[in-house]
Amino acid sequence: MFVVNAKNRAQMYAFLSKMFASALDEKLIQEIQNDQAILELVMEEHKVWFETTPFPELEEALNVDFNSLFVMHSLPIESSILEDKEEVLVGLQNPVMQFYFEHGYELNLAKSELLAPDHLSFECAFMQNLILKKEVEAQRAFMQKHLLNWAPMYLLSMMEMAQTPFYKGLCTLGAEFIIADYEGLC
């Protein structure tokens, strides 16, 4: 299903990072509407919904679905999923932040609205960084210690709750890609 060369892997993690960072704005929705490859990858047979739904209705449905899934019901944050805690560990007390630090990845939370170093968006961006730096052992270790332990199960549960074909497809794609990517590393 997935092409496993480094460039494609890095691009997929960048895409997932961007999609899970925040609700889609007008510009990004239009970019997706104009990109048949992304529409087919994310929604397959449901891409017609994304292409034909009137823009105001599409934007509202996507915004409501994103916020319902990833803000109101369950934040895509590793520590909140695995430890079922309300508080988010920041700085080096967070194991994910320690991993970033040990691998020279600087994360400036002050420049982000996400405020959690173990947010799915940041973890995908970190994987992209490791791929571009060709750090295969670090990729494998990060997936084993962090990303693989929570993201696929989280995304599949969010897929069940998603109301739009876009977020159903995106969650399925994310879960399947992370699992396949790890298998490709082993």
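Since the model is a prediction, treat every value here as computed from it, not as a measurement.

A. Local environment of the overall build of the chain. Broken down by element type, the chain carries 10 helices and 0 strands. The helix and strand sequence of the chain, counted from the amino end, reads α-α-α-α-α-α-α-α-α-α. Considering the chain as a whole, with its 186 residues, one finds that 47% of them fall into the buried category. A separation of at least 24 residues holds for 67% of the contacts in the chain among residues at least 6 apart in sequence. Counting every atom, the chain has about 9600 Å² of accessible surface; 54% of that belongs to carbon and sulfur. Counting 12 positive and 28 negative side-chain charges, the chain places the averaged centre of each group 10 Å from the other.

B. Summary view of the packing of aromatic side chains. Scanning the entire structure with this criterion turns up 17 aromatic pairs. Seen in terms of ring centroids, Tyr100 and Phe142 are 6.2 Å apart; in terms of plane orientation they differ by 35°. Their pairing is tilted. With Tyr100 in helix H7 (residues 95–102) and Phe142 in helix H9 (residues 136–161), this residue pair connects regions lying 42 residues apart in the sequence. Residue classification places Tyr100 among the buried positions, given a relative accessible area of 0%. Ring geometry for Phe166 against Tyr167: centres 5.0 Å apart, planes inclined by 85°, an arrangement best described as edge-to-face. Pair check on accessibility: Phe166 and Tyr167 agree, each one buried. Within the aromatic cluster, the residues linked to one another by ring pairs are Phe20, Trp49, Phe50, Phe66, Phe70, Trp150, Tyr154, Phe166 and Tyr167.

C. Structural detail: the side chain of Ser74. Secondary-structure assignment places Ser74 in the loop between helix H5 (55–73) and helix H6 (78–82). By relative accessible area, Ser74 is classed as buried at 17%. Discounting residues that sit within four places of it in the chain, Ser74 has contacts with Leu69, Ile81, Tyr154 and Met158.

D. Seen up close, unusual backbone geometry. Despite not being glycine, Lys134 has its phi angle at roughly 60°, a positive value. Inspection of the secondary structure puts Lys134 in the loop between helix H8 (120–132) and H9. For Lys134, a relative accessible area of 70% puts it in the exposed group.

E. Quick peek at the nonpolar core. Among the nonpolar cores identified, the biggest contains 57 residues, and Phe166 and Tyr167 are the most heavily contacted of them. Of all the secondary structure elements, the ones that give two or more residues to this core are helix H1 (6–21), helix H2 (26–33), helix H3 (36–43), H5, H7, H8, H9 and helix H10 (165–185). Residue contributions to this core peak at 11 residues, all from H9. Dropping the residues within four chain positions of it, Tyr167 is found in contact with Leu24, Leu62, Asp65, Phe66, Leu69, Phe70 and Ala162.

F. Region of interest: a nonpolar patch on the surface. Residues Val71, Met72 and Leu75 make up a contiguous nonpolar surface patch of roughly 290 Å² in combined accessible area. Taking the relative accessible area as the measure of exposure, Leu75 reaches 38% and is therefore partly exposed.

G. Looking closely at the environment of Ala14. Mapped onto the elements of the fold, Ala14 is located in helix H1. Along the backbone, Ala14 and Phe70 are 56 residues apart, and their C-alpha atoms lie at a distance of 18 Å.

The rules we used
- Residues numbered from 1 in each chain as written.
- Predicted model: local features only at pLDDT ≥ 70, side-chain atom pairs only at ≥ 80, totals over all residues.
- Heavy atoms only, no water.
- Helix = DSSP H or I, 4+ residues; strand = E, 2+ residues; numbered from the N terminus.
- Buried < 20%, exposed > 50% of the residue type's maximum accessible area, 1.4 Å probe, protein only.
- Contact = heavy atoms within 4.5 Å.
- Areas by Shrake-Rupley, 256 points an atom, 1.4 Å probe, with all protein chains shown as cover.
- Lys, Arg positive; Asp, Glu negative; His and termini not counted.
- Charge placed at Lys NZ, Arg CZ, Asp CG, Glu CD.
- Phe/Tyr/Trp six-rings, centres within 6.5 Å; stacked < 30°, edge-to-face > 60°.
- Core = buried A, V, L, I, M, F, W, Y, C linked by side-chain atoms within 4.5 Å.
- Patch = residues over 30% accessible without salt bridge, like charges linked within 9 Å, V, L, I, M, F, W, Y side chains within 5 Å.
- Salt bridge = Lys/Arg side-chain N within 4 Å of Asp/Glu carboxyl O.

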